[in-house]
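Coordinates in review
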Amino acid sequence: MSESATTVTAPATRARQSALVTPEGSTTIADTVVSKIAGIAASEVTGVHSLGGGGAARAIGNLRERIPGARTNHSQGVSVEVGETEAAVDLDLVAEYGVSIADLADGIRRNVISAVERMTGLHVVEVNVTVNDVHLPQDDAQPAAPQEQRVQ
């Protein structure tokens, strides 16, 4: 009785197909582009009060937005890692009080993955959401009462 040797080979590891890497050339997308797309997509989700960490970072961001001619920083609170065909996104945010944080994070993930993959062609491997604070309606600054004019 002769035994025949059976060779087991591992399945061929296929590189993920991407419209960004083709035989004709490759397209590189900067981290800032992906972070801006992710930031805008996250802020579109109902229940996100603002992007960014706690106190100091948010205060600086609020001051920057009050400067005439200053642009909103859509990448605040967003960090990304971008490879040739994949991206990973980390978001720091403040949630509105009363919103289910688990549902909020799920909605953010869906919106960010959809926007980044549709606009860049990159495969988003993960979206990590960190909720640093909860915004309460009474946290909004009350407008200052108009003062009586001393002179006319």
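Heads up: these notes are all about the structure in this document. Keep in mind that this is a model prediction, so the values were computed, not measured.

To continue, consider the overall build of the chain. Of regular secondary structure, the chain possesses 3 helices and 6 strands. Listed by position from the N terminus, the elements making up the chain come as β-β-α-β-α-β-β-α-β. Going through the 152 residues of the chain one by one, you find that 28% of them count as buried. Considering only intrachain contacts with a sequence separation of at least 6, the fraction spanning at least 24 residues in the chain is 74%. Working note: accessible area of the chain is about 11,000 Å², and carbon and sulfur atoms make up 50% of it.

Turning to the pairing of strand E5 (residues 86-96), a few remarks are in order. With 3 bridges connecting them, strand E3 (residues 48-51) and E5 associate as antiparallel partners. Across the sheet, residue serine 50 finds its bridge partner in E5, namely valine 94. Pairing of strand E4 (residues 78-82) with E5, which is carried by 5 bridges, proceeds in the antiparallel orientation. Each residue of the ladder has a partner; that of valine 80, found in E5, is valine 89. Between the antiparallel neighbours E4 and E5 lie 3 residues.

Moving on: the pairing of strand E6 (residues 123-135). Inspection of the sheet shows E5 paired to E6 by 11 bridges, in the parallel sense. Across the sheet, the residue bridging to alanine 88 is glutamate 126, located in E6. Note on the crossover from E5 through helix H3 (residues 101-120) to E6: the handedness is right-handed.

The subject of this paragraph is a negative patch on the surface. Negative charge collects at one region of the surface, where Asp31, Glu81, Asp90, Asp92 and Glu126 lie side by side. Along the chain, glutamate 126 turns up in strand E6. The exposure class assigned to glutamate 126 is partly exposed, which follows from its relative accessible area of 40%.

Before going further, it helps to spend a moment on the pattern of salt bridges. Summed over all chains, the structure comprises 1 salt bridge. The salt bridge involving arginine 110 is made with aspartate 106; its shortest N-O contact spans 2.5 Å. Remark: aspartate 106 and arginine 110 occur in helix H3; sequence separation between them is 4 residues, near one turn of the helix. Relative accessible area serves as the criterion here: at 54%, arginine 110 is assigned to the exposed category.

Rules and cut-offs
- Residues numbered from 1 in each chain as written.
- Predicted model: local features only at pLDDT ≥ 70, side-chain atom pairs only at ≥ 80, totals over all residues.
- Heavy atoms only, no water.
- Helix = DSSP H or I, 4+ residues; strand = E, 2+ residues; numbered from the N terminus.
- Buried < 20%, exposed > 50% of the residue type's maximum accessible area, 1.4 Å probe, protein only.
- Contact = heavy atoms within 4.5 Å.
- Areas by Shrake-Rupley, 256 points an atom, 1.4 Å probe, with all protein chains shown as cover.
- Pairing = 2+ DSSP bridges.
- Right-handed = clockwise from strand over helix to strand, strands pointing away.
- Patch = residues over 30% accessible without salt bridge, like charges linked within 9 Å, V, L, I, M, F, W, Y side chains within 5 Å.
- Salt bridge = Lys/Arg side-chain N within 4 Å of Asp/Glu carboxyl O.
- Lys, Arg positive; Asp, Glu negative; His and termini not counted.
- Charge placed at Lys NZ, Arg CZ, Asp CG, Glu CD.

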